[in-house]
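Notes for the structure review
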Amino acid sequence: MPENYHSLGIKSSEITPKQAYLSRRDFMKAAGLAAGALTLAACAPSLMPAALPTATSSPASAAIGQKTDELGSKVNSFNDITNYNNYYEFTEDKAGVAPLAAGFKTSPWEVEVYGLVNNPMKYSLDDLIKKFQPAERIYRLRCVEAWSMVIPWVGFPLSKLLKEVDPKAEAKYVRFETITRPSEMPGEKNNLYPWPYQEGLRIDEAMNDLTLLATGMYGGELPAQNGGGMRLVVPWKYGFKSIKAVIKIELVTTQPTTMWSTIAPNEYGFYSNVNPQVDHPRWSQSTERRIGELSRQPTLMFNGYEKQVAALYTGMDLKANY
Ligand code: MTE
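As a starting point, this report considers the structure included with it.

Analysis parameters
Residues numbered from 1 in each chain as written. Predicted model: local features only at pLDDT ≥ 70, side-chain atom pairs only at ≥ 80, totals over all residues. Heavy atoms only, no water. Salt bridge = Lys/Arg side-chain N within 4 Å of Asp/Glu carboxyl O. Helix = DSSP H or I, 4+ residues; strand = E, 2+ residues; numbered from the N terminus. Buried < 20%, exposed > 50% of the residue type's maximum accessible area, 1.4 Å probe, protein only. Pairing = 2+ DSSP bridges. Axes fitted to C-alpha atoms, helices over the stretch in contact; angles between N-to-C directions. Contact = heavy atoms within 4.5 Å. Arc of directions from axis to C-beta. Near = heavy atom within 4 Å. Polar contact = N/O pair within 3.5 Å; in protein donor to acceptor, adjacent residues only side chain to side chain. Areas by Shrake-Rupley, 256 points an atom, 1.4 Å probe, with all protein chains shown as cover. Nonpolar A, V, L, I, M, F, W, Y, C, P; charged D, E, K, R; others polar.

By the definition in use, this model includes 17 salt bridges. A salt bridge links Lys 67 to Glu 136, with the nearest nitrogen and oxygen atoms 2.7 Å apart. Highlighted residues: Lys 67 in the loop between helix H2 (62-65) and helix H3 (78-83) and Glu 136 in strand E3 (residues 135-142), separated in sequence by 69 residues. Linking Glu 288 and Arg 290 is a salt bridge whose minimum nitrogen-to-oxygen distance equals 3.5 Å. For Glu 288, a relative accessible area of 2% translates into the label buried. The class for Arg 290 is buried, based on a relative accessible area of 3%. Here the salt bridges share partners, and the residues they tie into one network are Arg 175, Glu 177, Lys 248 and Glu 250.

With that out of the way, let us pick up the sheet that holds strand E2 (residues 121-124). Spatial strand order, E2-E1-E10-E5-E6: five strands in an open sheet with mixed pairing. Unpaired on one side and paired on the other, E2 and strand E6 (198-202) mark the two borders of the sheet. Strand-to-strand, the axes of this sheet are offset by a mean angle of 15°, without reference to chain direction. Pairing analysis gives six bridges linking strand E5 (residues 173-178) to strand E10 (residues 246-252), with the strands arranged antiparallel. Paired with Glu 177 across the two strands is Lys 248, which belongs to E10. Sheet strands touched by helix H5 (residues 125-132): strand E1 (110-115) and E2. Its angle to E2, the strand with the most contacts, is close to 90°.

Within H5, the full set of buried residues consists of Leu 125, Leu 128, Ile 129 and Phe 132. Relative to the axis of H5, the buried residues are bounded by an arc of 95° and lie together on one face. Remark: Gln 133 follows H5 within two positions and exhibits a positive phi of approximately 45°.

This part covers the pairing of E2. Here is the key point about a regular strand: its side chains alternate between the two faces of the sheet. Across four bridges, E1 lies against E2 in antiparallel orientation. Bridge pairing in E2 places Val 113 opposite Met 121. Here E1 folds back onto E2, and the loop between the two strands holds five residues.

Close to the ligand lie 17 residues, the nearest being Tyr 88, Glu 89, Arg 231, Ser 242 and Lys 244. Residue Asn 86 places a main-chain N or O atom 3.2 Å away from a nitrogen atom belonging to the ligand. Compared with its free state, where it exposes 540 Å², the ligand has 100% of that area covered by protein. By residue class, the composition of the shell around the ligand is eight nonpolar, six polar and three charged.

On to helix H6 (residues 158-165), then. For H6, every residue scored as buried is listed here: Leu 158, Ser 159, Leu 161, Leu 162 and Val 165. The buried residues of H6 all sit within an arc of 160° when viewed along its axis, so they share a single face.

Next comes the structure, spelled out in structure tokens:
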């Protein structure tokens, strides 16, 4: 849990003590191991959207679980958020990530920010937390596979970090890279994927106030399966843009290569903005299923963040720039 937790504006009655959080993790480890049925893989080019789990909520997570996003949708249970994960460095099996990630060391964590900047920096996660005062942000996460969740992240805007490193005028894009640690991440031994996982944003997208570097979740630390030490969260784009376990942030001139657009360029474009009018080549994107709910709901343009981000794409053909 971040030291400056009190700045998050969460009532002390809502805070999960670290002990409870850790024992809950142990519980989840056991629950994950017991779950026999495998779900299908995430963005795998050859697979269809996966089967979905039902919601459960532990008493310890009830306080945050009652919160809603700004549209009134309830936050998903801690159990759902930490046991239904896409994280190919561990496995393609959503329910299998949590048990495999249980031994992954998220501390100490270092992030390097470099490239076309005037002040290249190396930060520890603790430095970042002290400097940029993470706060709670409840965002919808819409996976390209047409399921979604509402997640209470704890993080700070990427723009704060970028202002500090001071991008040069030639810097037009930001490239992000996930840690490579095959001894702890068995999926990285799967040569079908061009590791490390990489993602990118245009610099104005990166500077948008919604773009978050998450250092925590559900009022506590960021669980390994959700991208701890630190991950990116870009709520108006499909979930795969929100790269986990970030260790490198590079400012560059040209549009960066991303892992999914390398594997299947016709299915996963650089922009990947949530758009109900542009279908995935193999399924519709017009509706989605909120994890824990039975019926489907309409997918919103830019995942409901149109007011904040539509201006970034004025004049662009969103079908061509999928
Ligand atoms: N980041 C890395 N490094 N590896 C991954 O496999 N999966 C992505 C994204 N970030 C992924 C990743 C996908 S497809 C989704 S939908 C989200 O993480 C899922 O985040 P969650 O497991 O925290 O819900």
